[in-house]
Amino acid sequence: MLTELFLIRHAEPDRATGLPYAVLPGPPLTLRGEEEAVQAGHWLRERGIERLLSSPFTRASVTATTIGQLIGLEPTLIETLREVAPGETHPEVRARIAGLIDQLDDTSLQRVALVTHGSCILAALQHTTNDRIDLSGHRYDYGNHTPTAGIWHGVRTEHGWRWSLAFYPGIATES
């Protein structure tokens, strides 16, 4: 059963490429994004992560590969963590993320990191807290509740999941 979950938003994408954002492969990272991924990997290095899963979109998979090199894990690309598809609703995103979390709970894994997109992170936070999380103080680029390369750290307690925005590039908020 999961005891810790790390929800990692991909690093800064290069939106100027003209590549469609919500269609594979999506845009690559900027140079700043590449550095953000390195910073996230350094922060995650001593966290005891057992499995690293990633969206197949370039911005997420490159972020995950960089993190993986620094923490000694090969990321596994899974479709469930993809960007919101054109026409997909938030309840549909939430259902696929809830299904993934339930699958992970049925394994012996305790500490898992997911590299994904803002909408998937929002869905995971809402699902694990039964919509009780207050995200009013967390608004970043394009309305996301996680900054680029930001990491939400969840710890399961006897009362449910406790979440904190533990890291974002340039600032580590928990040790």
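These figures come from a predicted structure and were not determined experimentally.

Concerning the side chain of E36
Reasoning step 1: Within the secondary structure, E36 sits in helix α1 (residues 31–44).
Reasoning step 2: Leaving out residues up to four positions away in the same chain, E36 has contacts with A11, E12, T148, A149 and P169.

Topic: the nonpolar core
A general tendency of soluble globular proteins is for nonpolar side chains to be buried together.
Reasoning step 1: Counting residues in hydrophobic clusters, the biggest one holds 26 residues, and the most contacted among them are L5, L7 and L114.
Reasoning step 2: Secondary-structure elements contributing two or more residues to this core are β1 (4–9), α3 (90–105), β4 (111–116), α4 (118–128) and β6 (160–168).
Reasoning step 3: The leading source of residues in this core is α4, at six residues.
Reasoning step 4: For L114, the contacting residues outside a window of four places in its chain are L5, F6, L7, I8, L53, L81, L100 and L104.
Reasoning step 5: Core analysis: the second largest hydrophobic core is formed by 16 residues, W43, A60, A166 and F167 among them.

What about the pairing of strand β2 (residues 51–54)?
Reasoning step 1: Relative to β4, β2 runs parallel, the two being bridged by four bridges. Pairing of L52 across the sheet is with A113, part of β4.
Reasoning step 2: Here β2 runs beside strand β3 (residues 76–77); their pairing, made up of two bridges, is parallel. Paired with S54 across the strands is L77, a residue of β3.

A closer look at the environment of P56
Reasoning step 1: Take P56: it is sitting in the loop between β2 and α2 (58–71).
Reasoning step 2: In this structure, P56 is in contact with L24, S61, L77, I78, E79 and R82, ignoring residues within four places of it in sequence.

Examining the packing of aromatic side chains
Reasoning step 1: If you walk through the whole model with that rule in mind, you get four aromatic pairs.
Reasoning step 2: Between F6 and W43, the aromatic rings sit 6.3 Å apart at their centres with planes inclined by 70 degrees, giving edge-to-face as the arrangement. One end of the pair, F6, is in strand β1; the other, W43, is in helix α1, with 37 residues separating them in the sequence. Accessibility classification places F6 together with W43 in one group, the buried group.
Reasoning step 3: Centre to centre, the rings of W161 and W163 are 5.7 Å apart; their planes meet at 20 degrees, and the pair counts as stacked. For the pair shown, W161 and W163 are each scored as buried.

Some thoughts on the packing of α1 against α2
Reasoning step 1: Contact geometry for α1 and α2: axes closest at 8 Å, N-to-C directions at 40 degrees. Of the two possible hands of crossing, α1 and α2 adopt the one that is right-handed. On α2, the residues that touch A37, V38, A40, G41, H42 and L44 of α1 are T63, T66, I67, L70 and I71.

About the cut-offs
- Residues numbered from 1 in each chain as written.
- Predicted model: local features only at pLDDT ≥ 70, side-chain atom pairs only at ≥ 80, totals over all residues.
- Heavy atoms only, no water.
- Helix = DSSP H or I, 4+ residues; strand = E, 2+ residues; numbered from the N terminus.
- Contact = heavy atoms within 4.5 Å.
- Core = buried A, V, L, I, M, F, W, Y, C linked by side-chain atoms within 4.5 Å.
- Buried < 20%, exposed > 50% of the residue type's maximum accessible area, 1.4 Å probe, protein only.
- Pairing = 2+ DSSP bridges.
- Phe/Tyr/Trp six-rings, centres within 6.5 Å; stacked < 30°, edge-to-face > 60°.
- Axes fitted to C-alpha atoms, helices over the stretch in contact; angles between N-to-C directions.
- Left-handed = near helix turned anticlockwise from the far one by under 90°.

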